[in-house]
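Coordinates in review
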Amino acid sequence: PKACINCHIMSPYYATWSHSSHARDATCNDCHVPNGNILSHYLFKGKDGMKHVAYFVTKSERQTIMAEDASAEVIMDNCIRCHKQLNTEFVKTGKIDYMMAKRGEGKACWDCHRNVPHGGMNSLSSTPGAEYVEPLPPSPVPHWLQKMLGHEAVPNLR
């Protein structure tokens, strides 16, 4: 979360996650990058990270972030990975993947669990946890680099 929050647009997502049930057991990477094997994990992370850099540099990032298909598939796969026993033994919804949901063969996890773990991010006033003043973690940017960039007086480089 310290690296993800380094971009100002992530502040409401960090604030709502930090007050959710997922904050105890899951970080950004647990949900937003593949966790099946180390190669797919870092390949996706690098590709997605460069896409975010391109959006930021070209000032084309949305103010309300929406997961693109590749990210949505990863997120849902991770929902299933963590909640497999719940889905198969307790509520017996079985295992449905994102592409099945897109074809109308069931629902995506967030169709029912819209406010997990970030709340209704369409508006901060309707987002659970957004009323809390959330102290941001220290910037992961090393002090020597902040100084070189002329940001040594700024506690968080955002």
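Here, every reference points to the structure presented above.
Residues numbered from 1 in each chain as written. Predicted model: local features only at pLDDT ≥ 70, side-chain atom pairs only at ≥ 80, totals over all residues. Heavy atoms only, no water.

In this structure, Ala72, Met76, Ile80, Ile96, Tyr98, Ala101 and Ala108 together form the largest nonpolar core, which totals seven residues. Sorting the residues of this core by element identifies helix H4 (69–82) and helix H6 (98–102) as the ones contributing at least two each. Broken down by element, this core gets its largest block of residues, three residues, from H4. Sequence-distant contacts of alanine 101, defined by excluding residues within four places in its chain, comprise Ile96, Gly106, Lys107 and Ala108. (Core = buried A, V, L, I, M, F, W, Y, C linked by side-chain atoms within 4.5 Å. Buried < 20%, exposed > 50% of the residue type's maximum accessible area, 1.4 Å probe, protein only. Helix = DSSP H or I, 4+ residues; strand = E, 2+ residues; numbered from the N terminus. Contact = heavy atoms within 4.5 Å.)

Okay, the pattern of salt bridges next. Counted by the stated rule, this structure contains four salt bridges. Ionic pairing is found between lysine 51 and aspartate 48, a salt bridge with its closest N-O pair at 2.9 Å. A residue pair is termed a helical-turn pair when its members lie 3 or 4 positions apart in one helix, as lysine 51 and aspartate 48 do in helix H3 (residues 38–57) at three residues. According to the relative accessible area criterion, lysine 51 is partly exposed, its value standing at 24%. Using a relative accessible area of 15% as the deciding quantity, one classes aspartate 48 as buried. Its salt-bridge partner being glutamate 68, residue lysine 51 comes within 3.1 Å of it at the nearest N-O pair. In this pair, lysine 51 is assigned in helix H3 and glutamate 68 in the loop between H3 and H4, connecting sequence segments 17 residues apart. The network of salt bridges with common partners includes Asp48, Lys51 and Glu68. (Salt bridge = Lys/Arg side-chain N within 4 Å of Asp/Glu carboxyl O.)

This next bit is on H3. Helix length check: H3 (20 residues) gives 28 Å between terminal C-alpha atoms against 28 Å at 1.5 Å per residue, within 8%. Within the span of H3, buried status applies to His41, Phe44 and Asp48. In an axial view of H3, the angular spread of the buried residues amounts to 80°, which keeps them on one side of the axis. Pointing more than 90 degrees away from the buried face of H3 are the exposed residues Ile38, Leu39, Tyr42, Leu43, Lys47, Met50 and Val57. On its buried face, H3 sits against helix H2 (28–32) and H4. You can read the cap of H3 off the contacts: a side-chain oxygen lies 3.0 Å from the backbone nitrogen of leucine 39, and it is on asparagine 37. Trailing H3 by a residue or two, lysine 59 shows a phi angle of about 55°, which is positive. (Expected span 1.5 Å × (residues − 1). Arc of directions from axis to C-beta. Polar contact = N/O pair within 3.5 Å; in protein donor to acceptor, adjacent residues only side chain to side chain.)

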